[in-house]
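# Descriptive structure summary
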Amino acid sequence: MAHHKLQLGADVSQREESDSMGAVQVPADCYWGAQTQRSSENFRIGGSQRFSFTPTFIRAYAILKKSAALANLQLGLLDKRVAQAIVTAADDVIAGQLQDNFPLVVWQTGSGTQTNMNLNEVLAGRANELLTGKRGGKTPVHPNDHVNKGQSSNDTFPTAMHLAASEALVQQLLPTLDHIITELQHKAVEWQALIKIGRTHLQDATPLTLGQEFSAFAAQFQCARSGLKQALNGVLALPIGGTAVGTGLNSHKAFPTLVVQYVSDELAQPFREMDNKFFGLAAHEPLLQLSGALKTTAVAAIKLANDIRLLGSGPRCGLNELLLPSNEPGSSIMPGKVNPTQCEALSMVGCQVIGNDAAITAGAMQGHLQLNVFKPLIIHNILQSIQLLSDALASFNEHCLQGLAVNHAQLQHNLEHSLMLVTALNPVIGYDKAAQVAKKALHDNISLQLAAEQLGFLSKEAFNQAVRPEQMLAPKD
């Protein structure tokens, strides 16, 4: 995106806009006004970390502004011609047609005032062009008096945060989780009869099936999805109508109810008015809870990635029970090497989401008196976490999980050579004698059966009757 610089002298490619601090030269081809221009010059922080690079947030804010205009029109507080122009301009933004008109970085005022004014100015500038043919300005549509009517940055920005987070969650991450869970459940059913050795503490343990192992992954992601849906319920409550400090000063008492109705219709979600708007401006626990649920999802993703990476390690000197898809060469020096790259990418994303949660937690603590002033930080990290998890899990599903295959020979070899099959002898000869069998088999590098026979504990036939892996997979009747 081009970064428009503030020019002090007159130029044919610029026009003059003004705010309470005076006149400012603004690029003639843009729709924004003086406050957006000042912010773009005063906060050159983070380069590409702009809200325009998070289209979900700008779109959500435009939906809110459209809904506010419709509510004010219904209440008789806006002229129909002005309201319709604002709605048309908002529809342009919602459709992504004016994306280059949102140049502000995330790292700005903590209330998001400058992004709110960016929306107000762009919508007013576009509405004025629709009505007069002249881009920008404040007549006949004023960014504050009309687009921002009945609103404050302090209630619209957190409302937009909730709208964007809920839409991203519902449209991106939850469907991706459904696909992952479905694939894991499919693997659990497909591989239910494949007996393998279990491992605890990274050491051999008693048997289970590969299907049982994958059922645990599916359950873990179902738990994560449940937490996300629970957190979503809190995010559906909107603080719109609180205006500056939560009292609703300069807004109509019916305004928030109408806005909530319009945004619910636009996004097809059951939004509701927040019970206590003082809370909604001063603190962000609903988004903090969502961040915690995203962190839980990241933990599940890392567990899945790590286990598949371990089970696919090899091909000759590792566990080598799973065969991972070969997507690309793995080394610039070792010919023929293939690495678990999708596992590594998913793990890194998980780490980033956990880091984002730490930043969100720190930001959520900054609710000083009537306003939390870390709002841009919180929503930037929330939306990044949702997008990263959505993208990484979709990539992992497509390029790794769906193509997993089983190394049946290695599975059987590991099962037959595990010392922990001796656990089945506990009810037959007791724990202490079973331990002696395991130790002798390990020390002499012989089978459990031969060790039991040499110790005089069990004949070959009795051993084979007692140690049957297929009968070690569930409790006894």
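The present account deals with the structure reproduced in this document. (Residues numbered from 1 in each chain as written. Predicted model: local features only at pLDDT ≥ 70, side-chain atom pairs only at ≥ 80, totals over all residues. Heavy atoms only, no water.)

### With respect to the overall build of the protein chain
Quick note on the threshold: The secondary structure listing takes helices from DSSP runs of H or I that are at least 4 residues long and strands from runs of E that are at least 2 residues long, numbered from the N terminus. Throughout, radius of gyration means the C-alpha value; the globule benchmark is 2.2 Å times the number of residues raised to the power 0.38. Buried residues are those whose accessible area, probed at 1.4 Å on protein chains only, stays under 20% of the maximum for their type, while exposed residues exceed 50% and partly exposed ones sit between those limits. Should any heavy atoms of two residues lie within 4.5 Å, those residues are considered in contact. Only the protein chains shown count as cover for residues, and all accessible areas are computed by the Shrake-Rupley method using a 1.4 Å probe.
Counting its secondary structure elements, the protein chain contains 17 helices and ten strands. Its C-alpha atoms give the protein chain a radius of gyration of 30 Å, more than 25% over the compact-globule value 23 Å for 477 residues. Overall, the protein chain is about 100 × 50 × 35 Å in size when its C-alpha atoms are taken along their principal axes. Counting all 477 residues of the protein chain, 50% fall into the buried class. When contacts within the protein chain are restricted to residue pairs at least 6 apart in sequence, those whose partners lie at least 24 apart make up 71%. Carbon together with sulfur atoms contributes 53% to the accessible area of the protein chain, which is approximately 21,500 Å² in total.

### Looking at the packing of helix α11 (residues 341–364) against helix α12 (residues 375–399)
This is how it is decided: Axis definition: a line fitted to C-alpha atoms, over the contacting stretch in the case of helices. Angles run 0 to 180 degrees between N-to-C directions. Note that the term roughly parallel is reserved for angles under 35 degrees, roughly antiparallel for angles over 145, roughly perpendicular for angles of 65 to 115, and oblique for everything else. For a crossing to be left-handed, the near helix must be turned anticlockwise from the far one by less than a right angle; the clockwise case is right-handed. As a working rule, the residues Ala, Val, Leu, Ile, Met, Phe, Trp, Tyr, Cys and Pro are called nonpolar, Asp, Glu, Lys and Arg charged, and the rest polar, with Gly in that last group.
With their axes 9 Å apart at the nearest point, α11 and α12 run at an angle of 165° to one another. Our classification of the angle between α11 and α12 gives roughly antiparallel. In the crossing of α11 with α12, the sense of the turn from one axis to the other is left-handed. Residue composition of the contact of α11 with α12, grouped by class: 15 nonpolar, nine polar and no charged.

### A short note on the nonpolar core
How we decide: The nonpolar core is taken to be a set of buried Ala, Val, Leu, Ile, Met, Phe, Trp, Tyr and Cys residues, with the residues joined through side-chain atoms within 4.5 Å.
The biggest cluster of nonpolar side chains holds 105 residues, and the ones touching the most others in it are Phe-57, Phe-214, Phe-221 and Leu-290. In terms of residues, this core owes the most to one element, helix α6 (residues 153–190), which gives 15 residues. In contact with Phe-57, not counting residues within four places along its chain, are Phe-51, Thr-115, Phe-157, Ala-160, Met-161, Ala-164, Ile-379 and Leu-383.

### What about the side chain of Gln-269?
Within the element layout of this structure, Gln-269 appears in the loop between α8 (255–267) and β6 (272–273). The class for Gln-269 is buried, based on a relative accessible area of 8%. Those residues within four positions of Gln-269 in sequence are excluded, and the remaining contacts are Ser-166, Glu-167, Val-170, Leu-232, Leu-236 and Ser-264.

### Digging into the environment of Thr-206
Locating Thr-206 in the fold gives a position in strand β4 (residues 203–209). When its relative accessible area of 34% is taken as the criterion, Thr-206 is described as partly exposed. Excluding its chain neighbours within four sequence positions, the residues that come into contact with Thr-206 are Ile-197, Gly-198, Met-420 and Thr-423.

### Here's the deal with the packing of aromatic side chains
Operational definition: By convention, a stacked pair of Phe, Tyr or Trp rings (six-membered ring in the case of Trp) has centres within 6.5 Å and planes under 30 degrees apart, an edge-to-face pair has planes over 60 apart, and any other such pair is tilted.
Per the stated rule, a full pass over the model turns up five aromatic pairs. Ring geometry for Phe-57 against Tyr-61: centres 5.7 Å apart, planes inclined by 80°, an arrangement best described as edge-to-face. Taken together, the positions of Phe-57 and Tyr-61, both in helix α2 (residues 55–74) and four residues apart, correspond to about one turn of that helix. Overall, Phe-57 belongs to the buried group, its relative accessible area being 0%.

### With respect to the pattern of salt bridges
For the record, the criterion: By definition, a salt bridge exists where a carboxyl oxygen of Asp or Glu is found within 4 Å of a side-chain nitrogen of Lys or Arg.
A complete count under the given rule lists 18 salt bridges for this structure. Here Glu-183 makes a salt bridge to Lys-187, at a shortest N to O gap of 2.5 Å. Taken together, the residues Glu-183 and Lys-187, both in helix α6 and four residues apart, mark about one turn of the helix. Measuring nitrogen to oxygen at the nearest pair gives 2.9 Å for the salt bridge that ties Lys-196 to Glu-321. With a gap of 125 residues between them, Lys-196 in strand β3 (residues 195–200) and Glu-321 in the loop between α10 (285–311) and β7 (322–323) connect regions that are remote in the sequence. The exposure classification of Lys-196 matches that of Glu-321, with both residues buried. One network of salt bridges, with partners in common, ties together Asp-92, Arg-126, Glu-129 and Arg-135.

### Quick look at the pairing of strand β2 (residues 22–27)
Filter applied, for reference: Whether two strands pair depends on DSSP finding at least two bridges between them.
Note: strand β1 (residues 14–19) against β2, six bridges, orientation antiparallel. Of the residues in β2, the one forming a bridge with Arg-15 is Val-26. Connecting β1 to the antiparallel partner β2 that follows it, the hairpin turn spans two residues.

### Concerning the side chain of Asn-148
Tracing the backbone through its elements, the reader meets Asn-148 in the loop between α5 (143–147) and α6. In this structure Asn-148 comes out as buried when scored by relative accessible area, which is 11%. Asn-148 has contacts with Lys-65, Asn-116, Asn-120 and Pro-143, leaving out every residue within four places of it along the chain.

### Some points on the pairing of β3
Summarising the sheet, β3 and β4 pair through five bridges and their orientation is antiparallel. What sits directly across from Thr-200, in β4, is Gln-203. Joining the antiparallel neighbours β3 and β4 is a turn of two residues, in which His-201 adopts a positive phi near 60°.

### Some thoughts on unusual backbone geometry
At the junction of Thr-139 and Pro-140, the peptide bond is cis and its omega measures out at 0° in the coordinates. The linkage connecting Gly-314 with the following residue, Pro-315, adopts the cis geometry, with an omega of 10°. Assignment of secondary structure puts Pro-315 in the loop between α10 and β7. With phi around 65°, Leu-202 is a residue other than glycine that occupies positive phi space. By relative accessible area, which is 70% here, Leu-202 ends up exposed.

### Section: the environment of Ala-268
When you line up the elements, Ala-268 lands in the loop between α8 and β6. Given the relative accessible area of 70%, Ala-268 is considered exposed.

### Considerations on the state of the cysteines
As a reminder, the rule being used: Here, a disulfide means two cysteine sulfur atoms that sit within 2.5 Å of each other.
Under the counting rule described, the total for this entry stands at zero disulfides. As a non-bridged cysteine, Cys-343 has Cys-400 as the owner of its nearest cysteine sulfur, 4.4 Å distant. Exposure remark for Cys-343: the relative accessible area of 0% places this residue in the buried category. You can see Cys-351 has no disulfide; the closest cysteine sulfur is in Cys-343, sitting 13 Å from it.

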